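Residues per chain are reported as follows:
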Amino acid sequence: MSNYHRPDAGKLQNLKDIANKLRIHSINATDASNSGHPSSCMSMAEIMSVLFFNTMRYSLKEPRGPSNDRFILSKGHAAPILYAAWAEAGLFPTEDLLNLRKIHSDLEGHPTPRLNFVDVATGSLGQGLSVAVGMAYTGKYFDKADYRVYCVIGDGESAEGSIWEAMSFASCYKLDNVVAIFDVNRLGQSEPTSLQHNLEVYKARAESFGWNTYVVNGHSVEELCKAFHDATTVKGKPTCIVAKTFKGKGGPNVENLENWHGKPLGKESEISRKTISDLISNQGPHGINPPTPTNVDVVDISNIKLSSPPSYEKGAKVATRQAYGTALVKLGQSNNRVVAMDGDTKNSTFAIKFKEAFPDRFIECYIAEQNLVGVGIGCGCRDRTVPFISTFACFLTRAFDQIRMGAISQTNANFVGSHCGVSIGEDGPSQMALEDIAMFRSIPGSTVFYPSDAVSCERAIEFAANTKGVCFVRTSRPTTSMLYDANTDLQIGKAQVVRQSDKDQVTVIGCCVTLHEALKAADKLEIDGVNIRVIDPFTIKPLDEMTILNNARATGGRIITVEDHYAWGGLGDAVCAAVAPFKDIEVHKLAVKEIPRSGPSAELLEKWPKVDYICCMSDGISDVLAED
C-alpha cells in the first residue's frame, strides 16, 4: 500500500470552506426556484468537496473527456450541489446556479446530459451504480485505462434491488476502479430509513458482496481524503465508503430533522446561511486545481458495417435470433468497440456466437436485467463502445424504467429481445413478450426494428449500430424462409411490398412469423380468386406511412394487420395511428387479445392472433370485403 500523505492544514481548511460554500449555493439555488432538495445536498457537501477539489482527475475544458474520472450522482435529487461543485470549480459562473429549475436553464431538477458535465440522467433512484459499474468495466477491460468511477448513493435508494445487482456485478468482475459512496444521512422522504445510522449493517452488507469497505464520518474532510486515497491502492476489489452524515447539515433548525425532504428552507434559509457562512475562513477563490488525467486512446465508432453481406442459401429457413448472433460477430470483426452483454440467455439469444468469437468483449450480466441495462448504458457513455444488450424480450419489461432513463440520458444502447410472442410455443405466457413493441414505441427517439428474415435481421443489427438513441430489434424463435437477398434496399422507415398484383383487394401487414403466415394465406386465397397485397414494415418506428397509405388505397382502402403481440400498442396501433387522418382507410387488427397459454407454436398462432382468419374465405377476407 502506498503511503498516505495527509493534506496540510491549509488544504483541509480549504476543503471545509468549499463544502460549506456548496451548502450555501444549494440553499440559495433552491430558494430561487422555490423548490428542490437542499437538505439532501447539505448532507453530502464534504463528499463533493473532497471528490471534486482533491481526489478526481478531470479537465474543465472537456468535462466529459474520455480520460477524465467519472462521477455519477445516483441520488439525482441532490442535483443543486453537483451544479454547485462544477460552478465552484470554474466551469460556469456561480450566479447561474440561481437559474435552477427554470425553463430556460439546463440546470434541471435532476441531472440530464443536456449539461456537458453529466453522463447520464439520474433521479429514478437505484440506477446510478449500474451505470457506474458499466463505465468501470469499460475502463478496466475495454479502454485499459486508469480513470476511476465514483458514484454517490442515497441511503434511502439502497433499498432498491438494482443497487445490489450492481454490487454483485462489480465484485464478480473485480472492478477495483469503482468507488460507491453511501451517503447515510438517516432520513428518507417521508420517514427515517429502515437502517437509519446503523452503519455496521451497511458495512456488513457491502463486505458480503465482496467490496472493500470503509466506514467514515462523512463530514470529516480528512477521513474522506484518506478513504479515497486508500481506495486507489486496493486491487481486485471495488471499494464502498459508508459515510455517516446528517440531512440538512449546518442548518440549526433543519439538521437531522424530519419533514425537510424536497422543499426549500424558506424562513430557515437566512439563519442557516449565516450559521454556515460563519464557519468559512476563506471565501476564495481557493486555487485548487484538479489533478491532470492520463490520456486514453481515441476510438472511432462511426460507420460500422457488416464485415460481409448477408449470405444465405435460397430456400433456407433461419430464425432471426440466430441471424442476430451472426450479424453481431460481423460487426465485431469490423470494429473492436462493438461489445455485447446478456442476462444468462446467450445460448438462446445467440449472443453466444459473439462470446465465442470475442470473449474479451462479451459481458455476462447473469439474471439481473435491470443491472444488465444499466451496465450497457454505462458502457456506451462518452462513446467508448457500441453496446448490444440481449435477453428474452419479455424480461426487458422489468427494466423499462432503466430503458426510459436511458432515453433521457441520450444513450445509444441497442436492445435485442428474442422469444417474442405466442410463437415461442410451449413455454407459456410468462416467457412470451407480448407488450415489448408497445414499450419500446413509447420511448422518445427510439427506433423499433422487427425483421422478418435472416437477411433483414442482419441489416437491422447493422443499422442499430449506427443509429442514435435507443434501438430495439425484436427477434423470433421459429425459423423463417428468406425473403430478401444481400442486394435488397432495406432502410430504416422503408417498408417492403413482398407480394402484390393489380387485382389485390386488401393490404395485409405482418412481421416475421405473421408475415410468413400472410404469404401462405395469399397462396390459398389466390386459388379461390382473391388476391391480397402483403407488406413487411421492417421498422415499426419509424413506420413507412406513405407506402402503407398508397398500397391501402390501391386495395380499396382496406388494411388487415396481423401480429404476434397484444392488441394494444403494437403493429396494429402503429398502423391505425398512421392512417387515422384519412377517412377512406379502414383497419382490421388481428392480435393477441387475452393472456395465452402453453401449446405448439402453430396452434397458438391459430388461436390467438388468429392468423388463419386471413386464410378463410367464409369468415376472413370475404367478411372484410362484404362490410364494404
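Residues numbered from 1 in each chain as written. Predicted model: local features only at pLDDT ≥ 70, side-chain atom pairs only at ≥ 80, totals over all residues. Heavy atoms only, no water.

An unreviewed UniProt entry annotates the chain as Transketolase of Mizuhopecten yessoensis. Among the UniProt annotations of the chain, the heading Sequence similarities (unreviewed entry) holds the following wording: "Belongs to the transketolase family." Here the chain is described in UniProt, under the heading Subunit (unreviewed entry), as follows: "Homodimer." (UniProt positions renumbered as here; feature names shortened; annotations may be inferred.)

Colleague: Could you give an account of the domain arrangement of the chain, naming the residues involved and the relevant values?
Modeller: A common way to express how large an interface is: the accessible area buried when the components associate. In terms of domains, the chain is made up of domain 1 (12-278), domain 2 (317-481) and domain 3 (496-627). Placing the centre of domain 1 and that of domain 2 at their C-alpha centroids yields a distance of 32 Å. In this assembly, 32 residues from domain 1 lie in contact with 29 residues from domain 2. Summed over both sides, the interface of domain 1 with domain 2 buries roughly 2300 Å², with 56% coming from carbon and sulfur. For Arg337, the salt bridge identified is with Asp143, shortest N-O distance 2.6 Å. Inspection of the domain 1/domain 2 interface yields 11 residue pairs in polar contact (both at pLDDT 80 or more). Those elements that place two or more of their residues in the side of domain 1 that touches domain 2 are α5 (128-142) and α6 (161-172). Of the residues forming the side of domain 1 that touches domain 2, the biggest block, eight residues, is contributed by α5. Grouping the constituent residues of the side of domain 1 that touches domain 2 by class yields 14 nonpolar, 11 polar and seven charged. (Domains from an automatic or database assignment. Contact = heavy atoms within 4.5 Å. Buried area = accessible area lost by both parts, 1.4 Å probe. Salt bridge = Lys/Arg side-chain N within 4 Å of Asp/Glu carboxyl O. Polar contact = N/O pair within 3.5 Å; in protein donor to acceptor, adjacent residues only side chain to side chain. Helix = DSSP H or I, 4+ residues; strand = E, 2+ residues; numbered from the N terminus. Nonpolar A, V, L, I, M, F, W, Y, C, P; charged D, E, K, R; others polar.)

Colleague: Could you give an account of the nonpolar core, with specific residues and numbers?
Modeller: Counting residues in each nonpolar core, the largest one holds 89 residues, and the members touching the most others are Leu129, Ile363 and Phe415. Setting aside its immediate chain neighbours within four residues, Leu129 contacts Ser74, Cys151, Ile153, Ile163, Ala166, Met167, Ala180 and Trp211. (Core = buried A, V, L, I, M, F, W, Y, C linked by side-chain atoms within 4.5 Å. Buried < 20%, exposed > 50% of the residue type's maximum accessible area, 1.4 Å probe, protein only.)

Colleague: Would you mind going over the packing of helix α1 (residues 9-33) against helix α4 (residues 79-89) in detail, with residue names and values included?
Modeller: Two numbers describe how α1 lies on α4: the axes approach to 9 Å, and their chain directions differ by 120°. Classified by the angle their axes make, α1 and α4 are oblique. Note that α1 runs across α4; the crossing there is right-handed. Counted together, Lys21, Leu22, His25, Ser26 and Thr30 of α1 and Pro80, Ile81, Ala84, Ala85 and Glu88 of α4 form the full contact between these two elements. Its residues assigned to classes, the contact of α1 with α4 shows five nonpolar, three polar and two charged. (Axes fitted to C-alpha atoms, helices over the stretch in contact; angles between N-to-C directions. Parallel < 35°, antiparallel > 145°, perpendicular 65-115°, else oblique. Left-handed = near helix turned anticlockwise from the far one by under 90°.)

Colleague: I'd like a rundown of the pairing of strand β3 (residues 178-184), residues and numbers included.
Modeller: The element β3 is largely enclosed, with a buried count of seven among its seven residues. Residue alternation in β3 divides its side chains into two sets, Val178, Ala180, Phe182 and Val184 and Val179, Ile181 and Asp183, and both sets are buried. Both strand β2 (residues 149-154) and β3 contribute to a ladder of six bridges, which runs parallel. For Gly154, the partnering residue across the bridge sits in β3 and is Asp183. In this region the chain leaves β2, passes through α6 and returns to the parallel neighbour β3; the handedness of that crossover is right-handed. In this structure, β3 lies alongside strand β5 (residues 239-244), joined through six bridges in parallel fashion. Bridging from a neighbouring strand, Val184 pairs with Lys244 of β5. (Pairing = 2+ DSSP bridges. Right-handed = clockwise from strand over helix to strand, strands pointing away.)

Colleague: Give a description of the sheet that holds strand β11 (residues 447-449) that names residues and reports values.
Modeller: Here seven strands make up an open sheet; going across it, the order is β8-β7-β9-β10-β12-β11-β17 and the pairing mixed. Across the chains shown, the open sheet's two edge strands, defined by having one partner strand only, are β8 (362-364) and β17 (539-541). Geometrically, the sheet is characterised by an average inter-axis angle of 20° between neighbouring strands, direction not taken into account. Bridge analysis of strand β10 (residues 414-418) against strand β12 (residues 471-474) gives four bridges, and the strand direction is parallel. Its bridge partner lying in β12, Phe415 is registered against Phe472.

Colleague: Outline the UniProt feature "domain: Transketolase-like pyrimidine-binding" (unreviewed entry) in the chain, supporting the account with residue identities and numerical values.
Modeller: Under the UniProt annotation, "domain: Transketolase-like pyrimidine-binding" (unreviewed entry) lies at residues 318-482. When the span residues 318-482 is considered, its composition is 41% helix and 19% strand, and the gap between its end C-alpha atoms is 8 Å.

Colleague: So what about the pattern of salt bridges? Which residues, and what values?
Modeller: Tallying each qualifying case throughout the model produces 30 salt bridges. One salt bridge connects Lys520 with Glu517, and the closest N-O pair in it is separated by 3.3 Å. Placement of both Lys520 and Glu517 in helix α18 (residues 513-527) is noted, with a separation of three residues, approximately one turn of the helix. Among the ionic contacts, a cluster of salt bridges with common partners joins Arg57, Asp69 and Asp146.

Colleague: Which residues make up the state of the cysteines, and what are the values?
Modeller: Following the criterion strictly, the structure yields zero disulfides and no others. Here Cys41 is not disulfide-linked; the sulfur of Cys151 is the nearest cysteine sulfur, at 16 Å. According to the relative accessible area criterion, Cys41 is buried, its value standing at 0%. (Disulfide = S-S within 2.5 Å.)

Colleague: Tell me about the packing of aromatic side chains, residues and numbers included.
Modeller: Here the structure, examined in full by the defined rule, presents 23 aromatic pairs. Arranged with centres 5.1 Å apart and planes meeting at 65°, the rings of Tyr58 and Trp86 form a pair that is edge-to-face. One end of the pair, Tyr58, is in the loop between α3 (45-55) and β1 (70-73); the other, Trp86, is in helix α4, and 28 residues separate them in sequence. This pair shows no difference in class: Tyr58 is buried, exactly as Trp86 is. Ring geometry for Phe415 versus Phe440: centroids 5.8 Å apart, planes at 45°, classification tilted. (Phe/Tyr/Trp six-rings, centres within 6.5 Å; stacked < 30°, edge-to-face > 60°.)

Colleague: Mind laying out the sheet that holds strand β18 (residues 558-566), listing which residues take part and the relevant values?
Modeller: Read across the sheet, five strands follow the order β14-β16-β15-β18-β19 without closing on themselves; strand pairing throughout is mixed. The sheet is open, and its two edges are formed by β14 (496-499) and β19 (586-592), each paired on a single side. Strand-to-strand twist of the sheet, defined as the mean angle between neighbouring strand axes without regard to direction, takes the value 25°. The sheet contact formed by strand β15 (residues 504-510) and β18 spans four bridges and is parallel. Note that in β18 the partner of Thr507 across the bridge is Ile559. Set on the sheet, helix α19 (residues 545-554) makes contact with β14, β15, β16 (531-536) and β18; between it and β16 the angle comes to about 180°. The sheet strands contacting helix α20 (residues 571-579) are β15, β18 and β19, and the helix crosses β18 at an angle near 145°.

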